[in-house]
Amino acid sequence: MGQPDDMLDDENYPAYTMGRAADIVGCSQDFLRRLGEAKLIDPHRSAGGHRRYSRNQLRLAARAHQMCQQGTDMAAACRIIILEDQLADARRDNQSHPTH
């Protein structure tokens, strides 16, 4: 494992407890649990079984929370975000491997 500073710079390092993650996103802990059930985020589990979230997961949760506040159903919001991310990945792959 890297040095502590390296881990904190890592977008995927699970640095945030569920309570802190909910505070940052501005949602309830139940909302974060439901995002996990919807397969949008898969929080790391500590040795004691507690959920831990990365900055990348918090960004996804914040996107979903904003969409839900604007009236989008949670399942639809999660699906939209997943599809947007898949499209962005495909575009990056296409740019790095041009067919012409």
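Trainee: Tell me about the overall build of the chain, and please be specific about residues and values.
Mentor: Along the chain, the regular secondary structure elements total 5 helices and 3 strands. The N-to-C order of helical and strand elements in the chain reads α-β-α-α-β-β-α-α. Overall size of the chain, expressed as C-alpha extent along the three principal axes, is 50 × 40 × 20 Å. For the chain, buried positions account for 26% of its 100 residues. Taking the intrachain contacts of the chain between residues at least 6 apart in sequence as the baseline, contacts between residues at least 24 apart amount to 58%. For the chain, the accessible area works out to roughly 6,900 Å², and carbon and sulfur atoms hold 48% of it. Across the chain, the 13 positively charged side chains and the 14 negatively charged ones have centroids separated by 5 Å.

Trainee: Describe unusual backbone geometry, naming the residues involved and giving the relevant values.
Mentor: The residue Lys-39 is not glycine, and still its phi comes out positive at about 70°. Along the chain, Lys-39 falls in the loop between helix 3 (29–37) and strand 2 (44–45). With a relative accessible area of 67%, Lys-39 lands in the exposed category.

Trainee: Can you explain the nonpolar core? Please cite residues and give values.
Mentor: If you look at the biggest cluster of nonpolar residues, it comprises 20 residues, and the most contacted ones within it are Leu-32, Leu-35, Leu-40 and Tyr-53. Those elements that place two or more of their residues in this core are helix 2 (18–25), helix 3, helix 4 (55–69) and helix 5 (74–96). Of the residues forming this core, the biggest block, 5 residues, is contributed by helix 4. Those residues in contact with Leu-32, other than ones at most four positions away along the chain, are Met-18, Ala-21, Ala-22, Cys-27, Ile-41, Tyr-53 and Ala-61.

Trainee: So what's going on with the pattern of salt bridges? Which residues, and what values?
Mentor: Under the definition given, this model contains 6 salt bridges. Residue Arg-63 pairs with Asp-85 through a salt bridge whose shortest N-O separation is 3.2 Å. Taken as a pair, Arg-63 in helix 4 and Asp-85 in helix 5 lie far apart in primary sequence, 22 residues in all. Taken together, the shared-partner salt bridges connect Glu-11, Arg-55 and Arg-59 into one network.

Trainee: Give me the lowdown on the sheet that holds strand 3 (residues 51–53), citing residues and values where you can.
Mentor: In space, the 3 strands of this open sheet follow the order 1-3-2, with antiparallel pairing throughout. The open sheet has two edge strands with one neighbour each: strand 1 (16–17) and strand 2. In this sheet, strand 3 lies alongside strand 1 in antiparallel orientation, the contact comprising 2 bridges. Note that in strand 3 the partner of Tyr-16 across the bridge is Tyr-53.

Trainee: I'd love a proper account of helix 4, names of residues and values included.
Mentor: For the α-helix, the turn length of 3.6 residues means that residues three or four positions removed from each other point alike. Over its 15 residues, helix 4 extends 21 Å from the first C-alpha to the last, a length consistent with the 21 Å expected when each residue adds 1.5 Å. Taken together, the buried positions of helix 4 are Gln-57, Leu-58, Leu-60, Ala-61, Ala-64, His-65 and Met-67. Considering only its buried residues, helix 4 is in contact with strand 1, helix 2, helix 3, strand 3 and helix 5. Backbone geometry just after helix 4 places Gly-71 at a positive phi near 105°.

What counts, and where the lines are drawn
Residues numbered from 1 in each chain as written. Predicted model: local features only at pLDDT ≥ 70, side-chain atom pairs only at ≥ 80, totals over all residues. Heavy atoms only, no water. Helix = DSSP H or I, 4+ residues; strand = E, 2+ residues; numbered from the N terminus. Buried < 20%, exposed > 50% of the residue type's maximum accessible area, 1.4 Å probe, protein only. Contact = heavy atoms within 4.5 Å. Areas by Shrake-Rupley, 256 points an atom, 1.4 Å probe, with all protein chains shown as cover. Lys, Arg positive; Asp, Glu negative; His and termini not counted. Charge placed at Lys NZ, Arg CZ, Asp CG, Glu CD. Core = buried A, V, L, I, M, F, W, Y, C linked by side-chain atoms within 4.5 Å. Salt bridge = Lys/Arg side-chain N within 4 Å of Asp/Glu carboxyl O. Pairing = 2+ DSSP bridges. Expected span 1.5 Å × (residues − 1).

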